[in-house]
Amino acid sequence: MKGASIVKRVLEEGRKKLYEDEALNLLRAYGLPVPAAGLAKSEDEALRIAGEVGYPVVLKIVSPDIIHKSDVGGVILGLEDPGSVREAYRRIIRSVGEKAPNARVVGVLVQHMVPQGLEVIIGATRDPVFDSVVMFGLGGVFVEVLRDVSFRVTPLTRSEALAMTREIKAHRLLEGYRNTPPRDREALAKIILGVAEIMDNVKEIREIDLNPVMSYTEGAVIADARILVAGRE
Amino acid sequence: MNRSIDERVEQLRVFFKPRSIAVIGASSKPMKIGNVIVKQLKKRYSGKLYPVNPRHEEIEGLKCYPTILDVPGDVDLAVISLRADLVPGVVKQSIEKGVKGIIIVSGGFSEIGPEGARLEMQIRDMISRSEVRVIGPNGLGVLDLYTGVDTFFLPEERMKRPPKGRIALISQSGALSAAITDWAAAEGIGISRAVSYGNKIDVDDVDLLYYFAEDEETRVIAMYVEGLKPGRGKEFIEAARYVARKKPIVLLKGGKTARGAVAAASHTAALAGSYEVFRSALRQAGIIEAESIEDLFDLARALSMQPPAKGRRAAVITNAGGPAVMATDALERHGLEIPILSDETQKKLREKFPPYYVTKNPVDLTGDGSSEDYRHALETVLTSGEIDVLLVIALVQTPKLNVDVADLIVEKARRHGIPTVAMSFGGELTRKLEARLEENGIPVYETSERAVRALWSLVEYGEIKRRLGGD
């Protein structure tokens, strides 16, 4: 089963959360669009990976003990050249050392920075009655303040996944609004279906949060992923 | 648990069409549960009836047996009304006797705590090792208006029984089942069969949906559900999708408030309140959601009388301005279209109408509208090919409109096959109009809002059938 070995390792290590690189690899294994990325354990490795994934890049701290990476200065965006990657790497390690001195640091994820698009959230969770459920919403205030989201119980069809993108109140933003172009709903539906497939295949996964997913006129890319497993305490 | 649909339907038949019933815990004391059940069964149930109670020779004129094992001949259905701690023992005897179904109306099980849960577990163990099916405990059981099976242990002076009808009721709440039944009787709303399954240790929503899908007397399934059992949601959706192809399901959910804020690490978990997920599940399942008890039966009535709609275009024919305006608002809110009728259709309407009648849509015949005017409007609008559903507003306080307009509405709607509901409001004459319409399959509502909800449910069910591929 795709993804089973990653999840097995996470459970064996007693973790509840996949590392960023593991999450991206799992999504990639299911054919979902994720940016090129690699885990760096040193400055030099970070530079090498940055060259491979292509500039601009983003650096993110990878630690089993840190849930909100930005709060500890663990994320730096928009790095255009090797010099700034080297400097950012040092800055992240220093900041995390100060703000979360007890956190174990596995490394730093070096990820190709995807272009800005309309930010959407695609997620999944397990409901006590219906088990796996997928969610769709627009990023930022739409989800956090307005709770403007749509749900489906898995498994679902392509037309149901498309219907999820039409059901939210702010759906007109996806259709093109004023100067903004219409978004590729098919690409979003594909990600929704992929997430549903992962939930149905890998029962140990408790939650998936793809936030944000950048939605474009053509295609979509997952810019950040958080995957939790039902780990033992 | 992995029974086929046919098997489930076959197994559940015993609860509605048993050839013989034993009432264990039958009593001769008036108002006692064990007495009410025997009395009620005696009234309408025509199969063999055996009271069981070791302390009596005879109950309500029927020979009484010490245990179910002493009953001569077969017993199809055992109804148990005894103290909870005595129930496992008689369940065992009933299984030994070879009954096919058991209804346990007694309370005192998992709903009261660990001691009751232990008793429930004992029963569960016994039935899992046999073919017997169980409804209950802690519910009212079954009320079948066709066969007279009646374990709703409330005396008829307290809870009237509704007339035979086409709506099946499945309810998680016993008290609510009783109240609904009594209310339906007073409103003259017909019921086919009602089930209050209580703690549902065996027979549950899924079983009953499959059964009512095949039940000839049932046209619509109305449900009151507070929650489904953990892990059973996907099976429920699958069953409902299967059933909704054949018959409409209308559901009222109790307990809608979001569960307390959960300390969740992700947006999705924090947002996935149980009601939000439940609503999506209903949509996926092809179930129409009602907003209140009144709404549940408003929609169920429409769906039991009228066919599903082929599209979303609505027309309104009225002799009253205000109700038509409110209907238009409500139609918009429910996402139905109110197309302006074509020039050709409007021209046809105007041929027989004075110039001050409005022919766009709503078609407003004003306070001058006569039955003849309704005839012309109905014929023209229903044959226009421009609409899919019709709302007829007919207030009979005006001197020109007679109650015989009911016959026109019935005849035209039937002939042209367009789903139609009516709105009327008033006193004695209105009652006559209502009765004449309802007897002939046109549901009538007292407000525009309620009539539009009913119309919407016909549109919704049409879409559900097209989506799920109905027959």
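Remember, predicted model here, so these are calculated numbers, not experimental data.

Okay, the packing of aromatic side chains next. All names here are of chain B. Tallied over the full model, the rule gives 9 aromatic pairs over all chains. Where tyrosine 210 meets tyrosine 242, the ring centres are 5.5 Å apart and the plane angle is 65°; that geometry is what we call edge-to-face. Placement of tyrosine 210 in helix H6 (residues 205-214) and of tyrosine 242 in helix H7 (residues 233-244) is noted, with a sequence separation of 32 residues between them. The class for tyrosine 210 is buried, based on a relative accessible area of 6%. With centroids separated by 5.5 Å and ring planes inclined at 85°, the aromatic side chains of tyrosine 356 and tyrosine 357 adopt a geometry described as edge-to-face. The structure contains a cluster of three or more aromatic residues connected by ring pairs, namely Phe16, Tyr211 and Phe212. Positioned over the ring face of tyrosine 65 is lysine 63, at 5.1 Å from the centre of the ring.

On to empty space enclosed by the protein. All names here are of chain B. This model, assessed by the stated rule, comprises 3 cavities of 30 Å³ or more. Within this model, the largest cavity holds a volume of roughly 60 Å³. Residue lining of the largest cavity: Lys200, Asp204, Asp205, Val206, Leu228, Lys229, Arg232 and Phe236, and that is the complete set. Looking at the lining of the largest cavity, its residues break down into 3 nonpolar, no polar and 5 charged.

Let us look at the environment of B:Ile127. One can find B:Ile127 in helix H4 (residues 114-128). Those residues within four positions of B:Ile127 in sequence are excluded, and the remaining contacts are B:Val91, B:Ile95, B:Val132, B:Val134, B:Ile201 and B:Asp202.

Each strand in a sheet pairs with another by means of backbone hydrogen bonds, the pair being arranged parallel or else antiparallel. Residues and elements named next belong to chain B. Here 6 strands make up an open sheet; going across it, the order is E8-E10-E9-E11-E12-E13 and the pairing mixed. Single-partner strands in this sheet number two, and they are strand E8 (141-144) and strand E13 (288-290). In this sheet, neighbouring strand axes are inclined to one another by 20° on average, regardless of whether the strands run parallel or antiparallel. Pairing of strand E9 (residues 164-171) with strand E11 (residues 220-225) involves 5 bridges; the strand directions are parallel. Bridged to serine 171 within E11 is tyrosine 224. Contacts from H7 reach E11 and strand E12 (249-253) within the one sheet, and its direction differs from that of E12 by about 140°.

The next thing to look at is the interface of chain A and chain B. Facing 30 residues of chain A, the contacting portion of chain B comprises 26 residues. Across the chain A to chain B interface the summed buried area is about 2200 Å²; carbon plus sulfur atoms make up 60%. Considering only the side of chain A, the residues that lose the most area to chain B are A:Val129, A:Phe130 and A:Phe151, jointly responsible for 29% of the buried surface there. Between A:Glu160 and B:Arg241 there is a salt bridge; the shortest N-O distance is 3.6 Å.

Glancing now at the environment of B:Tyr445. All names here are of chain B. Its place among the elements puts tyrosine 445 in strand E18 (residues 444-445). Separated by 291 residues in sequence, tyrosine 445 and leucine 154 place their C-alpha atoms 30 Å apart. In terms of polar contacts, tyrosine 445 uses its side chain to reach the backbone carbonyl oxygen of aspartate 298, at 2.6 Å.

A few words now on the pairing of strand E1 (residues 20-24) of chain B. Residue and element names in this part refer to chain B. Counting buried positions over the 5 residues of E1 gives 5, a clear majority of the element. Here E1 shows two buried faces, one formed by Ser20, Ala22 and Ile24 and the other by Ile21 and Val23. Inspection of the sheet shows E1 paired to strand E2 (residues 48-52) by 5 bridges, in the parallel sense. Opposite alanine 22, over in E2, you have tyrosine 50 as the bridge partner.

Residue-level pLDDT values for chain A average 92, and 98% of them are 70 or greater. When mean pLDDT is compared element by element in chain A, strand E9 (residues 220-222) of chain A scores highest at 98, while helix H5 (residues 141-144) of chain A scores lowest at 74.

Turning our attention to the nonpolar core. Counting residues in each nonpolar core, the largest one holds 115 residues, and the members touching the most others are A:Phe130, B:Phe15 and B:Leu391. Ranked by residue count, the leading element in this core is helix H16 (residues 448-468) of chain B, at 10 residues. Both domain 1 (5-303) and domain 2 (308-468) of chain B contribute no fewer than three residues apiece to this core. In contact with B:Phe15, other than residues within four places in its own chain, are B:Leu77, B:Gly101, B:Ile102, B:Ile103, B:Arg133, B:Val134, B:Ile135, B:Val142, B:Val149 and B:Val203. By size, the runner-up hydrophobic cluster in this structure holds 50 residues, among which are A:Leu11, A:Leu27, A:Leu39 and A:Ala189.

Residue and element names in this part refer to chain B. For serine 384, the location among the structural elements is in the loop between helix H13 (371-382) and strand E16 (389-393). A polar side-chain atom of serine 384 sits 2.8 Å from the main-chain carbonyl oxygen of valine 381. A polar contact is formed between the side chain of serine 384 and the backbone nitrogen of glutamate 386, at a distance of 3.1 Å.

Residues and elements named next belong to chain B. Within the fold, aspartate 207 resides in helix H6. Taking the relative accessible area as the measure of exposure, aspartate 207 reaches 2% and is therefore buried. Of the polar contacts made by the side chain of aspartate 207, one reaches the side chain of arginine 8; its length is 2.8 Å.

All names here are of chain B. If you trace the backbone, isoleucine 21 turns up in strand E1. In this structure the C-alpha to C-alpha distance between isoleucine 21 and tyrosine 50, which are 29 residues apart in sequence, comes to 6.1 Å. Aside from chain neighbours lying at most four places away, what touches isoleucine 21 is Leu41, Tyr45, Lys48, Leu49, Tyr50, Val75, Leu77, Val79 and Val149.

Residue and element names in this part refer to chain A. For the coordinates displayed, the defined rule picks out 56 salt bridges over all chains. With its nearest N and O atoms 3.8 Å apart, the salt bridge here joins arginine 48 to glutamate 45. Of this pair, arginine 48 and glutamate 45 both sit in helix H3 (residues 43-53), separated by 3 residues, roughly a single helical turn. On the basis of relative accessible area, glutamate 45 is assigned to the partly exposed category, the value being 25%. Across the pair arginine 206 and glutamate 207 runs a salt bridge whose closest N-O atoms are separated by 3.6 Å.

Right, let's get into the domain arrangement of chain B. Note on interface size: it is often stated as the accessible area lost on association of the parts. All names here are of chain B. Per the domain assignment, the segments of chain B are domain 1 (5-303) and domain 2 (308-468). Placing a centre on the C-alpha atoms of domain 1 and another on those of domain 2 gives a separation of 38 Å. The interface of domain 1 with domain 2 comprises 21 residues on the first partner and 16 residues on the second. The junction of domain 1 with domain 2 conceals about 1500 Å² of combined surface from both sides, 55% of it contributed by carbon and sulfur atoms. Summed over the shared surface of domain 1 and domain 2, the result is 5 salt bridges.

All names here are of chain B. Listed as buried for helix H12 (residues 343-351) are Thr345, Gln346 and Leu349. Looking straight down H12, one finds that the buried residues subtend no more than 100° of arc, so they occupy a single side. Opposite the buried face of H12, at more than 90 degrees from it, the exposed residues are Asp343, Glu344, Lys347 and Glu351. Looking at the buried positions of H12, the neighbouring elements they touch are strand E15 (363-364) and H13.

What counts and what doesn't
Residues numbered from 1 in each chain as written. Chains lettered and ligands numbered in written order. Predicted model: local features only at pLDDT ≥ 70, side-chain atom pairs only at ≥ 80, totals over all residues. Heavy atoms only, no water. Phe/Tyr/Trp six-rings, centres within 6.5 Å; stacked < 30°, edge-to-face > 60°. Helix = DSSP H or I, 4+ residues; strand = E, 2+ residues; numbered from the N terminus. Buried < 20%, exposed > 50% of the residue type's maximum accessible area, 1.4 Å probe, protein only. Lys NZ or Arg CZ within 6 Å of the ring centre and 35° of its normal. 1 Å grid on protein atoms, 1.4 Å probe; cavity = no way out; pocket = protein on both sides within 12 Å on 5 of 7 lines; lining within 4 Å. Points joined across faces, edges and corners; volume = space filled by probe spheres on them. Nonpolar A, V, L, I, M, F, W, Y, C, P; charged D, E, K, R; others polar. Contact = heavy atoms within 4.5 Å. Pairing = 2+ DSSP bridges. Axes fitted to C-alpha atoms, helices over the stretch in contact; angles between N-to-C directions. Buried area = accessible area lost by both parts, 1.4 Å probe. Salt bridge = Lys/Arg side-chain N within 4 Å of Asp/Glu carboxyl O. Polar contact = N/O pair within 3.5 Å; in protein donor to acceptor, adjacent residues only side chain to side chain. pLDDT = per-residue confidence, 0-100. Core = buried A, V, L, I, M, F, W, Y, C linked by side-chain atoms within 4.5 Å. Domains from an automatic or database assignment. Arc of directions from axis to C-beta.

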